[in-house]
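# Secondary and tertiary structure notes
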Amino acid sequence: MQIKDNDISARLQQQVKSAINNKKPLCIQGGKSKLFFGNRFDAELLDLSEHTGIISYEPTELCITVRAGTKLSELEALLSENNQILPFEPPHYLFKDKDGNIHDTATIGGAIATGISGPRRAYTGSARDAILGVEIINGDGEIVSFGGQVMKNVAGYDLSRLMVRSQGTLGILLSVSIKLLPKPANDLTLSFDATQDQALAVFQALRVQQLPITASVWYDNTISLRLSASEAILKTSHTRLNNFLNEKFPTLSSAKQNTDQMSFWQEIRDHTHPFFTQTDKPIWRLSVPPATQSISQTDDALAQKDDNIEPNQLIEWGGAQRWIRSRTPANIIHNLAQSHGGYASFFYNKGADDETFPALAPELFKIHQQLKRKMDPQGIFNPNKMYQGL
Amino acid sequence: MHLDSNTKDALLNQLKQIVAANYLLTSKEDLTPYECDGLSAYQRLPVAVVLPDTIEQVQKIVQACSQLKVPIVARGAGTGLSGGALPHEGGIILGLSRFNKILSIDTNNLTSVVQPGVRNLAITEAARPHGLYYAPDPSSQIACSIGGNVAENAGGVHCLKYGLTVQNIQQIKIVTIDGTLLTLGSETFDTPGYDLLALMTGSEGMLGIIVEIVVKLLPKPHAVKVLMASFDKVEDAGNAVADIIAEGIIPAGLEMMDKPAIHAAEAFAKANYPLDAAAILLCELDGDEDQLEEQVIVVEKTLKHAKASKIVIATSAEDQAKLWAGRKSAFPAVGRLSPDYYCMDGTIPRKQIAYVLQKISELSEHYDLRVANVFHAGDGNLHPLILYDANIEGELKTAERFGADILELCVKVGGSITGEHGVGHEKIDQMCVQFSPAELTQFFAVKSAFDPDSLLNPGKAIPTLHRCAELGAMHVHNGELPHPEIPRF
Ligand SMILES: Cc1cc2nc3c(=O)[nH]c(=O)nc-3n(C[C@H](O)[C@H](O)[C@H](O)COP(=O)(O)OP(=O)(O)OC[C@H]3O[C@@H](n4cnc5c(N)ncnc54)[C@H](O)[C@@H]3O)c2cc1C
Ligand SMILES: Cc1cc2nc3c(=O)[nH]c(=O)nc-3n(C[C@H](O)[C@H](O)[C@H](O)COP(=O)(O)OP(=O)(O)OC[C@H]3O[C@@H](n4cnc5c(N)ncnc54)[C@H](O)[C@@H]3O)c2cc1C
């Protein structure tokens, strides 16, 4: 895989410095794939997409340092050639231009700034777990680095992890160092029928089973599990899973190999699965403790307002991530998520004034504002993108 | 930096209202046990030691200190090795040892809510009956507190596969300098807003007081195997580490010891270590039986290929414990070789292990001080133990210079001055080498967002630009100081 080596940090720094001098906010843009995520705001474009290339990569160090504008698709192809993967399986989502054409343009900078993790997250960790170091342009227009390329590093505050999920509001990511994992030899997808309650019970019991599971979904009364290991281990694992189901869940049928497995997990990862595309209903992401009971059945508001004919929930991460299609008012969804010890974010089909993220407790928001003011004194990095007033 | 007597009286008066008399220590005899942490070369007496046991008490203590502008140094078990809990002469020690309860274990979500003074090992002991355990296992785990682990982002022998403290906690409650109680993180896999949980982890008591922690628990692996490989050359052992990773295997633990460490550990623990080897690697593999079988074959083959002269595979729990006993007692074992030793904690890229060990042995000759190496090879985290005698005039100073050289070497080869012990009081000067003034300024900006008057553990972890300038160790870029306008206080 040839990735274009193109360092435009000097130009980017220049643009940031003049933005600081003129107190003119910047809208940081990578691959435009996550346009929907966060609030809209007025700002001058700062385009990272040409800032590409691998700064260092030695597979035996289990670490890669890469410029922020590098496309996820190219980065993953390079890692794959070396039998390695990004542990958090970042969603690419896709950028749809005004003619309706789809582009796989997502960048690693955007993946880290939004901190969104894909199907593997429940099993091998999140974007913030994998980040080892960052190089950023800070609020003074300086290029600074935190963390590094080594697995353990506790010198100074952990500003690399702070950048993950900060939605570009604390600085411009120029390059990131990420911890890698060996790529498993093979994947096997196994599916079997289950109601939502049964699925949650199965996920619960599987948490202590030590099968080589790397992804899980429940949708349309079917559980799908992805197992990743050598051919031999996959074979014994399949048998073990069926023995386990037989013993613990005798009413369920045994798990069968699913043939179009590759495209299935990619559709789940990138939200090109029909659950996400074939609806005009608002789509919510609920992040809840994994053992949280079935949500639609405990909540009348959801059950009544939505016709239960089409499946309106897709569950991932062994129960910890639940996608809900619902026209239920935002405040009810937020309260519902909170009552289960989690939170909701508004992903798709939201109105112009709807916010993506739930409000923070006032004392917590205050510390966010103090931190933002200290790290971005002129308020130029994606202002209001994450929260109004931040 | 002593406290004037009016402020001191006012402080003690207020503290008396908050905790019972026996939990407010002020006499010299009572304060002395708190004069240092695990780095006993530095000692100071605080004005008072306060030992609360409720969050409300912590909030009130912090508010009192905040009003009177009195520095606060939090203290867990005091096992820190970088002087992080070293008292401030004009401040109090806020001891969290009475927060020693495990509040709950959730066997459905695999988490446990614990108070900060709970010992690391106590969590695993409480979780064991449920088939669960807490993964980060610093060698000090029988004594160190989970609050101290969060404050230092502690690691252990299993962090290559299972991560450091930061990857193994989900939520903390902190008391900020104005006495506010904040919940950071959540019981879910992610939380809206900034990742302040990560920011607090490893912040060495400088941003807030940790008063409650939700840790993740893992199911105990079904099976464990430990391999010990002997090498005639240190270099071969170093290369074997990279070879194992190249095979696509992430061992649960991958530790290395050099000859002096092997000899010390063998004399102490009788672990059956090979006394003629230049270095040994201990490789622990864990997981499901079938997966393990496969991995052992690959690792054994790789080690042979990497010129291991002998390989022992311990399958019984007893044999495994014996192999680990040597490694786990390496520090005290080395302690018997010499009146004092100084433990370093740099990290380096794995590929530099052989080069750095060679340089360390050259430095050892140069300074005429012996050194034993025991370390977390899998994640490139070195622990050179420099042997010295504090009773010999000047030898501590020489040991410190030797240590500083090692840390600068780590930075030079692309590593860091600390992998798990923290900067604290000890490595503050080396921070000037690792970070530029602009980077240090950014750290100060973060600090001031949480603690504008710099009352939480002042003078630790982040050096002032002034200090770096005086040292002459300033990390200068292109021959100019990026912030000529900043006062060098
Ligand atoms: C001409 C133009 C004008 C626009 N004007 C607006 C506007 O006024 N308001 C509005 O809301 N949106 C606007 N957008 C959309 C805006 O660019 C995106 O919402 C936002 O930048 C998300 O980035 P992305 O879609 O490229 O996704 P990704 O590249 O995946 O990035 C997702 C998130 O990460 C941040 N990010 C990406 N790369 C980095 C990096 N290297 N360092 C730090 N953070 C990074 C992004 O800012 C974004 O928050 C505009 C887009 C264009 C093309
Ligand atoms: C023999 C030995 C072996 C060791 N092995 C390892 C090892 O393998 N891995 C490793 O990582 N470390 C190791 N250590 C170092 C030490 O045990 C760890 O740093 C540990 O995390 C410190 O915990 P503590 O409770 O003793 O903290 P303390 O020493 O009491 O405090 C350490 C720092 O944390 C702050 N702090 C403590 N509690 C709180 C709180 N509740 N809120 C805010 N700040 C707080 C203090 O102010 C101080 O800055 C070892 C130490 C010894 C003596």
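Keep in mind that this is a model prediction, so the values were computed, not measured.

### Quick notes on the overall build of chain A
Scanning chain A for helices and strands turns up 14 helices and 19 strands. Against the 2.2 N^0.38 benchmark of 21 Å for 390 residues, chain A shows a C-alpha radius of gyration of 22 Å, consistent with a compact globule. Here the C-alpha coordinates of chain A stretch approximately 70 × 50 × 45 Å along the principal axes. Taken across its 390 residues, chain A has 61% of its residues classed as buried.

### Examining the site of ligand 1
All names here are of chain A. In the vicinity of ligand 1 there are 27 residues, among which Ile 28, Gly 31, Lys 32, Phe 41 and Leu 173 approach most closely. For ligand 1, an oxygen atom lies 3.4 Å from a polar atom in the backbone of Gln 167. Interatomic distance of 3.0 Å between a side-chain N/O atom of Lys 385 and an oxygen atom of ligand 1. Examining the composition of the shell around ligand 1, we find that 4 residues originate from one element, helix 3 (residues 108-114), more than from any other. Class assignment of the residues belonging to the shell around ligand 1 gives a composition of 9 nonpolar, 13 polar and 5 charged.

### Observations regarding the packing of helix 14 (residues 362-375) of chain A against helix 16 (residues 437-450) of chain B
Closest axis-to-axis distance for the helix 14 of chain A/helix 16 of chain B pair is 9 Å, and the angle between their directions is 155°. As judged from the angle between their axes, helix 14 of chain A and helix 16 of chain B are roughly antiparallel. Where helix 14 of chain A crosses over helix 16 of chain B, the two elements pack in a sense that is right-handed. The residues of helix 16 of chain B that touch helix 14 of chain A, namely those facing Ile367(A), Gln370(A), Leu371(A), Lys374(A) and Met375(A), are Gln442(B), Ala445(B), Val446(B), Ser448(B), Ala449(B) and Phe450(B). Along the lines of polarity and charge, the residues of the contact of helix 14 of chain A with helix 16 of chain B split into 7 nonpolar, 3 polar and 1 charged.

### Description of the state of the cysteines
As enumerated under the stated definition, the model contains 1 disulfide over all chains in all. With no disulfide of its own, Cys63(A) lies 16 Å from the sulfur of Cys159(B), the closest cysteine sulfur.

### Some points on the pattern of salt bridges
Residues and elements named next belong to chain B. Inspection of every chain in the model, using the stated rule, returns 30 salt bridges over all chains. We note a salt bridge from Arg 98 to Asp 53, for which the minimum N-O separation is 3.2 Å. Within this pair, whereas Arg 98 is found in the loop between strand 4 (92-95) and strand 5 (102-106), its partner Asp 53 is found in the loop between strand 2 (48-50) and helix 3 (55-68), the two being separated by 45 residues in sequence. Judged by its relative accessible area of 30%, Asp 53 is partly exposed.

### Let's talk about the nonpolar core
In terms of nonpolar packing, the biggest core is built from 162 residues, with Ile112(A), Leu371(A), Ile172(B), Leu196(B), Leu199(B) and Leu303(B) touching the most fellow members. Counting residues per element, this core draws most heavily on helix 14 (residues 395-412) of chain B, at 7 residues. Ranked by size, the runner-up nonpolar core spans 27 residues in total, among them Leu15(B), Val50(B), Cys65(B) and Leu96(B).

### Some remarks on the interface of chain B and chain A
With 87 residues of chain B at the contact, the number on the chain A side is 72 residues. Together chain B and chain A conceal approximately 6,500 Å² of surface at their shared face, both sides included; 60% is due to carbon and sulfur atoms. Of all residues in chain B, the largest losses of buried area upon contact with chain A belong to Phe189(B), Tyr194(B) and Gln442(B), amounting jointly to 14% of the total for that side. Where chain B meets chain A, there are 7 salt bridges. Asp288(B) is paired through a salt bridge with Arg240(A); the nearest N and O atoms lie 2.8 Å apart. Between the two partners, chain B and chain A, sit 31 residue pairs in polar contact (both at pLDDT 80 or more).

### Digging into the sheet that holds strand 10 (residues 209-216) of chain B
Residues and elements named next belong to chain B. Pairing within the open sheet is antiparallel, and its 5 strands lie in the order 5-6-10-8-9. Strands with a single pairing partner mark the edges of an open sheet, and in this sheet they are strand 5 and strand 9 (181-185). Looking at each pair of strands side by side, their axes are set apart by 15° on average, direction ignored. Relative to strand 10, strand 6 (residues 111-114) is paired through 4 bridges, and the arrangement is antiparallel. Paired with Val 114 across the two strands is Ile 213, which belongs to strand 10. Against the sheet, helix 4 (residues 120-127) touches strand 5, strand 6 and strand 10, its axis set at about 45° to strand 5.

### Focus: unusual backbone geometry
Residues and elements named next belong to chain B. Here Leu 110, not a glycine, exhibits a phi torsion of approximately 55°, which is positive. Within the secondary structure, Leu 110 sits in the loop between strand 5 and strand 6. Here the phi dihedral of Ser 454 falls at roughly 50°; this positive angle occurs in a residue that is not glycine. Residue class for Ser 454 comes out partly exposed when judged on its relative accessible area of 34%.

### Considerations on the site of ligand 2
Residue and element names in this part refer to chain B. Close contacts around ligand 2 come from 32 residues, with Ala 74, Gly 76, Thr 79, Ser 140 and Ser 145 the closest. The backbone of Gly 80 places a nitrogen or oxygen atom 2.8 Å from an oxygen atom of ligand 2. Between ligand 2 and Asn 457, the relevant distance is 3.4 Å, taken from an oxygen atom to a side-chain nitrogen or oxygen of the residue. Coverage of ligand 2 by the protein chains reaches 93% of its 970 Å² of free accessible surface. No other element matches helix 5 (residues 146-152), which puts 5 residues into the shell around ligand 2.

### Points about the domain arrangement of chain B
Residue and element names in this part refer to chain B. The domain architecture assigned to chain B consists of domain 1 (5-95), domain 2 (102-219), domain 3 (221-426) and domain 4 (437-489). Counting residues at the interface gives 9 residues for domain 2, matched by 11 residues for domain 4. Across the domain 2 to domain 4 interface the summed buried area is about 970 Å²; carbon plus sulfur atoms make up 78%. Considering only the surface of domain 2 that becomes buried against domain 4, Ile 177, Met 206 and Leu 207 emerge as the three largest contributors, covering 64% of it. At the junction of domain 2 and domain 4, the tally comes to 0 salt bridges. Put simply, domain 2 and domain 4 have 2 residue pairs in polar contact (both at pLDDT 80 or more) between them. Class assignment for the residues of the side of domain 2 that touches domain 4 results in 6 nonpolar, 2 polar and 1 charged.

### Here's the deal with the environment of Gln320(B)
All names here are of chain B. Inspection of the secondary structure puts Gln 320 in helix 11 (residues 317-328). In the structure, Gln 320 is positioned 92 residues away from Met 228 in sequence and 9.7 Å away in space, judged by C-alpha atoms. Residues within four places of Gln 320 in sequence aside, it is in contact with Val 224, Lys 225, Val 226, Ala 314 and Thr 315. From its side chain, Gln 320 meets the backbone oxygen of Val 224 in a polar contact 2.7 Å long.

Parameters and conventions
- Residues numbered from 1 in each chain as written.
- Chains lettered and ligands numbered in written order.
- Predicted model: local features only at pLDDT ≥ 70, side-chain atom pairs only at ≥ 80, totals over all residues.
- Heavy atoms only, no water.
- Helix = DSSP H or I, 4+ residues; strand = E, 2+ residues; numbered from the N terminus.
- Rg over C-alpha atoms; globule rule 2.2 N^0.38 Å.
- Buried < 20%, exposed > 50% of the residue type's maximum accessible area, 1.4 Å probe, protein only.
- Near = heavy atom within 4 Å.
- Polar contact = N/O pair within 3.5 Å; in protein donor to acceptor, adjacent residues only side chain to side chain.
- Nonpolar A, V, L, I, M, F, W, Y, C, P; charged D, E, K, R; others polar.
- Axes fitted to C-alpha atoms, helices over the stretch in contact; angles between N-to-C directions.
- Parallel < 35°, antiparallel > 145°, perpendicular 65-115°, else oblique.
- Left-handed = near helix turned anticlockwise from the far one by under 90°.
- Contact = heavy atoms within 4.5 Å.
- Disulfide = S-S within 2.5 Å.
- Salt bridge = Lys/Arg side-chain N within 4 Å of Asp/Glu carboxyl O.
- Core = buried A, V, L, I, M, F, W, Y, C linked by side-chain atoms within 4.5 Å.
- Buried area = accessible area lost by both parts, 1.4 Å probe.
- Pairing = 2+ DSSP bridges.
- Areas by Shrake-Rupley, 256 points an atom, 1.4 Å probe, with all protein chains shown as cover.
- Domains from an automatic or database assignment.

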